[in-house]
Amino acid sequence: MDIIKDAMEFAWQIFAGDTGGHDFYHTLRVYHLATAIAREENADLEIVQLAALLHDVDDHKISPQTYGDKGRAVAFLKAHGVPCERIAQIVQIISAVSFRRNSGRPDSLEAMCVQDADRLDALGALGIARAFAYGGSRGRGIYDPSGLDKTTTIDHFYDKLLKLKDMMNTKTGQKMAADRDRFTRSFLDEFFAEWEGSR
Ligand code: ADP
Ligand code: NI
């Protein structure tokens, strides 16, 4: 029984069809990013991979009734015979990652890897695409030049996305975030130049 493959299948069933920035491919990208970071950082690969694949299955927007106890992730892991202490480790990672972004540093290397991977997917070309998809799904505007509407997607860049680079936990994550942050900033330069008609 390949538990990683089953976890992928489980995530696919939950997220297929979501268009608000939480589609299955977000989970898959976080899995690949977390795997790459975990290898560089010598973290426990299976813990990182399972936590990455399950990190959003109990998200408060998707499954508010299991957000507290991570019930879906726990049920999956139990059904696959994962020992209790490893389940507890994975639940701790998922809680650390899903907790509001400005919370302190997670206390395990594995949690740091998954949190970095999740944050990386909110930056760069993919992060930009997700932000506008999310904003659109909530009926938010692209940008308000008067500054009165502070809920536009461009506001989200300043509220959150441009802060992520300095919140990365691992050296590997920091390096990857630096590139994505540069790209995100150059997107904003181009955006405003085009907005004002100077390019
Ligand atoms: P995750 O669960 O993957 O950590 P969130 O649920 O916080 O992330 O957000 C999902 C995606 O939607 C991210 O790419 C994030 O940048 C984007 N997003 C969240 N809030 C907003 C917002 N107010 N405006 C635009 N995009 C947003
Ligand atoms: Ni996520």
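Residues numbered from 1 in each chain as written. Chains lettered and ligands numbered in written order. Predicted model: local features only at pLDDT ≥ 70, side-chain atom pairs only at ≥ 80, totals over all residues. Heavy atoms only, no water.

(A) Geometry of the site of ligand 1. Taken together, 14 residues lie near ligand 1, and His22, Lys61, Asp118, Arg140 and His156 sit nearest. Within the side chain of Asp118, a nitrogen or oxygen atom sits 2.7 Å from an oxygen atom of ligand 1. Here ligand 1 loses 90% of its free accessible area of 550 Å² to cover by the protein chains. Broken down by element, the residue count for the shell around ligand 1 peaks at three residues, all from helix α8 (residues 124-137). Taken together, the residues of the shell around ligand 1 sort by class into three nonpolar, three polar and eight charged. (Near = heavy atom within 4 Å. Polar contact = N/O pair within 3.5 Å; in protein donor to acceptor, adjacent residues only side chain to side chain. Areas by Shrake-Rupley, 256 points an atom, 1.4 Å probe, with all protein chains shown as cover. Helix = DSSP H or I, 4+ residues; strand = E, 2+ residues; numbered from the N terminus. Nonpolar A, V, L, I, M, F, W, Y, C, P; charged D, E, K, R; others polar.)

(B) A look at the coordination of the nickel ion (ligand 2). Coordination of the nickel ion (ligand 2) by the protein is provided by His26 (NE2), His55 (NE2), Asp56 (OD) and Asp118 (OD), with metal-donor distances spanning 2.1 to 2.4 Å. Taken in sequence order, the residues that donate to the nickel ion (ligand 2) follow the motif H-x28-H-D-x61-D. In this pair, His55 is assigned in the loop between α3 (45-54) and α4 (64-67) and Asp118 in helix α7 (residues 109-120), connecting sequence segments 63 residues apart. Under the relative-accessibility criterion, Asp118 is labelled buried at 11%. (Donors = N, O, S within 2.8 Å, 3.2 Å for Na, K, Ca; no water. Buried < 20%, exposed > 50% of the residue type's maximum accessible area, 1.4 Å probe, protein only.)

(C) Region of interest: the packing of aromatic side chains. Evaluation of the coordinates by the stated rule reveals 13 aromatic pairs. Seen in terms of ring centroids, Tyr143 and Trp195 are 4.8 Å apart; in terms of plane orientation they differ by 85°. Their pairing is edge-to-face. One end of the pair, Tyr143, is in the loop between α8 and α9 (153-159); the other, Trp195, is in helix α10 (residues 171-195), and 52 residues separate them in sequence. The exposure class assigned to Tyr143 is partly exposed, which follows from its relative accessible area of 25%. By relative accessible area, which is 42% here, Trp195 ends up partly exposed. (Phe/Tyr/Trp six-rings, centres within 6.5 Å; stacked < 30°, edge-to-face > 60°.)

No statement about biological role is implied by the geometric values presented.
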